[in-house]
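# Structural features, examined
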Amino acid sequence: MAIPKAELHLHIEGTLEPELAFHLARRNNITLPYTDVDHLRTAYDFTDLQSFLDLYYRLMDVLRTQQDFHDLATAYLDRAATQGVRHAEIFFDPQAHTNRGIPLGTVIQGLVSALDQAHTRHDISTELILCFLRDRPATEAMDTLQAARPHLHHITGVGLDSAEIGHPPTKFTEVFQAAADLGLRRVAHAGEEGPADYIWQALNHLGAERIDHGIRALDDPALLTHLATTRTPLTVCPFSNVRLRAVPTLDVHPLPALMDAGLLVTVNSDDPSYFGGYVHDNYLGIQQHLNLTNEDLRTLARNSFTASFLTPQRREALIAEVDAYHFD
Ligand code: ADE
Ligand code: ZN
């Protein structure tokens, strides 16, 4: 069994495997612009974040019904259980669905029923994080937050994702303040492709408690010191960074430099069906390519719970599982 861990950076729409995409397309009478699974996989050759996002949003067209969202999340959680995931904080992109005419309630009810089932079937705890699309207008994000109000008992926090460059965090200051006023936790993608200054903005203007990706922090020594002293977690996604060419190869991934700078680093899968592996695959990949020891992996697993929004009681219980884990 893989080491127990939390996954804190996972877009549920990014877990859509090609086989499930074709299955849902058939079920919903949709014709995909690909002849079969192998043909679709040839499209997974990305040059940057935008080239991935284009396919990511296009394939979401197969997600139409509550059952579709349920099946998507169930497939992820069944897989996550085999990867040692004991807790998952799951992103979803409401605007990518409501802008296609899918009601928000359909999305959330479908996801929640799957999360409830996983709790019983796999003893995995979960949280949902509603992400705003930063390449859409800030007013649309505010409308989305208002539309989510009847569902807030299912939602732990808000996040910020999609095309980063040209869409600075300050564009969303007002909606993040409104989310905080509603008692929601706040995270934001920053410093994936965009500059270190976007990380400062996410911290200072959005009140982000965690930074998703954040690898560009290495460009700014004062920011590194700040992140280390405040114990602000980074949710780093190694396979994603390589596939989207934010980092040339896994062998030169900056994860060790971030750990050496004293940051609270976690390892996550981002969009595993598109990037060649789930979260434990990322752990094994970095271990092999960055010469990490088993004890380094234990530190990363411990960090994943420390950085989570878990209650102190479950956090401590899961950290005790990490400490007791025996590597084969
Ligand atoms: N949405 C899904 N995956 C993403 C990523 N890696 N960066 C920004 N937005 C995303
Ligand atoms: Zn992401």
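Just above sits the structure.
The present account deals with the structure reproduced in this document.

How each quantity is defined
Residues numbered from 1 in each chain as written. Chains lettered and ligands numbered in written order. Predicted model: local features only at pLDDT ≥ 70, side-chain atom pairs only at ≥ 80, totals over all residues. Heavy atoms only, no water. Donors = N, O, S within 2.8 Å, 3.2 Å for Na, K, Ca; no water. Tetrahedral: all angles 85-135°; square planar, octahedral: opposite > 155°, others 65-115°. Helix = DSSP H or I, 4+ residues; strand = E, 2+ residues; numbered from the N terminus. Buried < 20%, exposed > 50% of the residue type's maximum accessible area, 1.4 Å probe, protein only. Disulfide = S-S within 2.5 Å. Expected span 1.5 Å × (residues − 1). Contact = heavy atoms within 4.5 Å. Axes fitted to C-alpha atoms, helices over the stretch in contact; angles between N-to-C directions. Parallel < 35°, antiparallel > 145°, perpendicular 65-115°, else oblique. Nonpolar A, V, L, I, M, F, W, Y, C, P; charged D, E, K, R; others polar. Near = heavy atom within 4 Å. Polar contact = N/O pair within 3.5 Å; in protein donor to acceptor, adjacent residues only side chain to side chain. Phe/Tyr/Trp six-rings, centres within 6.5 Å; stacked < 30°, edge-to-face > 60°. Lys NZ or Arg CZ within 6 Å of the ring centre and 35° of its normal. Salt bridge = Lys/Arg side-chain N within 4 Å of Asp/Glu carboxyl O. Pairing = 2+ DSSP bridges.

With that out of the way, let us pick up the coordination of the zinc ion (ligand 2). Those protein atoms acting as donors to the zinc ion (ligand 2) are H9 (NE2), H11 (NE2), H189 (NE2) and D270 (OD), and they sit at 2.1 to 2.3 Å. Classification of the site at the zinc ion (ligand 2) as irregular follows from its four donor atoms and the range of 83 to 174° in their angles at the metal. Mapped onto the sequence, the donors of the zinc ion (ligand 2) take the spacing H-x1-H-x177-H-x80-D. With a gap of 81 residues between them, H189 in strand β5 (residues 185–190) and D270 in the loop between β8 (265–267) and α13 (272–275) connect regions that are remote in the sequence. Like H189, the residue D270 is buried in the burial classification.

All right, on to the state of the cysteines then. The bond known as a disulfide is covalent and runs between the sulfur atoms of two cysteines. Across all of its chains, the model carries zero disulfides by this definition. Left without a disulfide partner, C131 is nearest to the cysteine sulfur of C237, which lies 12 Å away. Residue classification places C131 among the buried residues on the basis of a relative accessible area of 0%.

With that settled, the discussion passes to helix α14 (residues 279–290). With twelve residues, α14 should cover 16 Å at 1.5 Å per step; its first-to-last C-alpha distance of 16 Å lies within 8% of that length. For α14, the complete set of buried residues consists of V279, H280, N282, Y283, G285, I286, Q287 and L290. Taken together, the buried residues of α14 touch β1 (5–11), β2 (85–92), α11 (238–243), α12 (255–260), β8 and α15 (294–306). In the segment just after α14, N291 is the residue with positive phi, at about 55°.

We now examine the packing of α15 against helix α16 (residues 312–324). Between α15 and α16, the least distance of the axes is 9 Å, while the angle of their chain directions is 175°. With respect to each other, α15 and α16 are oriented roughly antiparallel. Mapping the contact onto sequence places R298, A301, R302, F305 and T306 in α15 and R315, L318, I319, V322 and D323 in α16. When its residues are assigned to classes, the contact of α15 with α16 shows five nonpolar, one polar and four charged.

Every residue close to ligand 1 is listed here: H11, L49, F52, L53, Y56, D161, S162, H189, E192, H213, D270 and D271. Measuring from a nitrogen atom of ligand 1, one finds a side-chain N or O atom of E192 at 2.7 Å. Note that a nitrogen atom of ligand 1 is positioned 3.4 Å from one of the side-chain N or O atoms of H213. Ranked by residue count, the leading element in the shell around ligand 1 is helix α3 (residues 49–59), at four residues. A class-by-class count of the residues in the shell around ligand 1 yields four nonpolar, four polar and four charged.

Turning next to the packing of aromatic side chains. Applying the stated rule across the entire model yields twelve aromatic pairs. Here F52 and Y274 contribute two aromatic rings whose centre-to-centre distance is 5.2 Å and whose plane-to-plane angle is 75°, an arrangement assigned as edge-to-face. You can see F52 sitting in helix α3 and its partner Y274 sitting in helix α13, a full 222 residues away along the chain. With a centroid separation of 5.0 Å and 90° between ring planes, the pair formed by Y325 and F327 is classed as edge-to-face. Judged by relative accessible area, F327 falls into the partly exposed class, the value being 24%. Every member of this aromatic cluster is reached through a ring pair, and the members are Y44, F46, F52, Y56, Y57, Y274 and F275. The aromatic ring of Y283 is capped on one face by K5, whose charged end is 4.8 Å from the ring centroid. Above the face of the F309 ring, R210 is positioned so that its terminal group lies 4.3 Å from the ring centre.

So, about the pattern of salt bridges. Tallied over the entire structure, the rule returns 15 salt bridges. The partner of D219 in a salt bridge is R216, and the shortest N-O contact between them spans 2.7 Å. The salt bridge partner of D323 is R302, with a shortest N-O separation of 2.8 Å. Of this pair, D323 sits in helix α16 while R302 sits in helix α15, placing them 21 residues apart in sequence. Given the relative accessible area of 27%, R302 is considered partly exposed. Connected via shared salt-bridge partners are R27, D68 and D71.

Tracing the chain through its elements places S308 in the loop between α15 and α16. Of the polar contacts made by the side chain of S308, one reaches the backbone oxygen of F305; its length is 2.7 Å. For S308, the residues in contact, after removing those within four places along its chain, are L8, H87, E89, R210 and R315.

It is worth spelling out the sheet that holds β5 at this point. Here we have eight strands laid out as an open sheet, ordered β1-β2-β3-β4-β5-β6-β7-β8, and parallel in their pairing. Each of the sheet's edge strands pairs with one partner strand only, and the pair in question is β1 and β8. Taken pair by pair, the neighbouring strands of this sheet meet at an average axis angle of 25°, ignoring direction. Here two bridges tie strand β6 (residues 210–213) to strand β7 (residues 234–236), and the two strands are oriented parallel to one another. Bridge pairing links D212 to T235 in β7. Packed on one face of the sheet, helix α8 (residues 173–181) meets β3 (125–133), β4 (157–161) and β5 and runs near 160° to β4.

What is shown is where atoms sit, not what they do.
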